[in-house]
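Observations on the three-dimensional arrangement
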Amino acid sequence: MFDKVLIANRGEIAVRIIRACRELGLQTVAVFSEADRNALHVRLADEAYLIGPSPSRESYLQMERILDVARKTKASAIHPGYGFLAERSDFAQACEDSGITFIGPRPSAISAMGDKATARATVIAAGVPVVPGTEDVGNLTNEKLLAAARKIGFPLLIKATAGGGGKGMREVRNIDEMPHLLESARSEALAAFGNGDVYLEKLVEGARHIEFQIMADMEGNTVHLGERECSLQRRHQKLLEEAPSPFIDDDEEFRQRMGEVAVKAAKAVNYLNAGTIEFLVDKDKNFYFLEMNTRLQVEHPITEEVTGIDIVTEQLRIARGRQLSVRQEDVKMQGWAIECRINAEDAHNNFLPSTGYISHHVLPTGPGVRVDTGVFGGFQITPYYDSLVSKLVVKGESRAQAILRMRRALEEYRIVGVKTNIPFHQSILEQARFIAGKFDTRFVEERFSLEEAEGGKETHPEIAAIFATLVAHEQAERSAHIISRGKRDTSNWKWVSRWERMNR
Ligand code: MV4
């Protein structure tokens, strides 16, 4: 059993894991690249070791160097976080071979779910619904794929077996464009994953993306912690997530039916520790397994907020051989949580990452607000890693309260030195379709093009009226008086000068 954990990651998730270890009395070892000498995870850990230059290929992806640090410091467990080495079965295996506990699933489950065609075949065999498509694994020839396409029908999607996250994905409307799109999908997949294999699925249009959190212990107890709504994405990057999903909300029967299928899919690969089953859900509530993420996810906090279960603590307990602390019937979703991913990016420059020195970072606080972050005032945002600055999470009793609370928190948020997508989140939270919960995976991209086309004058009078009533109700229920919510003070500089005067 371990009492010292190496965290093979950086940023907010490394901080999140260190905090859970600290609460459990476990020693922590951080690793860092040259760009991260001053990082928060380095400051918070009991020990920290430089593992290489800034590019992740030369640091956070260096398995041997990380294992060396673990051996040297006698850390007998490694938490991989998300990204980097989290879904590398060879890394999980290398840990096992070195007698180090990998805090996550077994290598066999990572590889079975990592190959999306194998994942499909495996869950089909377990009786889990998938979108109609190819069911063979391994390298399918173009000839076979063309024959399969005629059977499946159009429109369909070409997907990369090594993929996930939309890389190497192509929408095909008819057989004539298929050969060309097969070639481009294969070459994109080959470049991105070193594997050009593809498979086919019928295109499900206007679907929602809903995922279930899974936890499983060494005894094979497997539970789900309910769903997260993840339809709001841009270019396959999630932007805002909520739990529960407005599409499931109080349909407990539907939730349990999907949850049972999610558990079945996880059990099909003898799953251990935390994972996520992604589903596509169409407007008639048909749902289909898409893929499994064999890691802790960025958006795990919203599930923690509505279930009261600390997922990272649970991960550590499971890895130490303890039983799950909850049975399925004990898991209850209560209230509503929303997460906004605050990214350092420039909306006016094609959402390119915005780098630079964060001179001020003042976080929203108060009732129902949680911020997970790895940055602070004085931190330099470099171009080497992803653009996530923080995860702003709010919890309310109802969805309406969570929305109002998120708007309030976004107004309070002050970050100076880099551009962020805070204005984007504010505009989403004002959208009638978002407020009404009537959106699918096309919403974000459609909305932006619509706004341009119509000069921002998209109106849904009925939905707007319904929400006005909701807000009025919500506000009437509060005794506090509400100051007319003006526009966010967009001038950070004005705010900084006030702050400086206050601190003189
Ligand atoms: C789909 C789909 C429609 N039909 N599969 C995108 C990334 C990868 N995880 C799966 N994706 C999709 N697969 C079928 N058969 C639509 C998407 C999709 C999507 C899925 C989840 C969240 C956002 C999305 C945005 C565009 C397309």
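Residues numbered from 1 in each chain as written. Predicted model: local features only at pLDDT ≥ 70, side-chain atom pairs only at ≥ 80, totals over all residues. Heavy atoms only, no water.

1. With respect to the overall build of the protein chain
For the protein chain, the helix and strand inventory stands at 17 helices and 22 strands. For the protein chain, the proportion of its 504 residues judged to be buried stands at 55%. Restricting to contacts in the protein chain with at least 6 residues of sequence separation, those with at least 24 account for 66%. Element-wise, carbon and sulfur atoms account for 49% of the exposed surface of the protein chain, whose accessible area totals about 22,100 Å². (Helix = DSSP H or I, 4+ residues; strand = E, 2+ residues; numbered from the N terminus. Buried < 20%, exposed > 50% of the residue type's maximum accessible area, 1.4 Å probe, protein only. Contact = heavy atoms within 4.5 Å. Areas by Shrake-Rupley, 256 points an atom, 1.4 Å probe, with all protein chains shown as cover.)

2. A few points about the confidence of the model for the protein chain
Residues with a pLDDT of 70 or more make up 89% of the protein chain, whose mean pLDDT is 92. Throughout residues 450–458 the model reports pLDDT below 50, and contacts reaching past four residues in sequence, or to other chains, amount to six contacts. Contacts of residues 478–490 to residues separated by more than four positions or lying in other chains number 15 contacts, the stretch itself having pLDDT below 50. (pLDDT = per-residue confidence, 0-100.)

3. Observations concerning the site of the ligand
As a matter of local geometry, the ligand sits amid 18 residues, with Lys-159, Glu-201, Lys-202, Val-204 and His-209 nearest to it. Between a nitrogen atom of the ligand and a side-chain N or O atom of Glu-291, the distance comes to 3.3 Å. Breaking the shell around the ligand down by element, the ones donating at least two residues are strand E6 (156–160), strand E8 (198–202), strand E12 (273–281) and strand E13 (287–293). Tallied by class, residues from the shell around the ligand come to seven nonpolar, six polar and five charged. (Near = heavy atom within 4 Å. Polar contact = N/O pair within 3.5 Å; in protein donor to acceptor, adjacent residues only side chain to side chain. Nonpolar A, V, L, I, M, F, W, Y, C, P; charged D, E, K, R; others polar.)

4. Focus on the side chain of Glu-242
Of note, Glu-242 is situated in strand E11 (residues 237–243). Residues contacting Glu-242, with those up to four places away along its chain left out, are Arg-228, Glu-229, Ile-302, Trp-336, Ala-337, Ile-338, Arg-399, Phe-434 and Phe-439.

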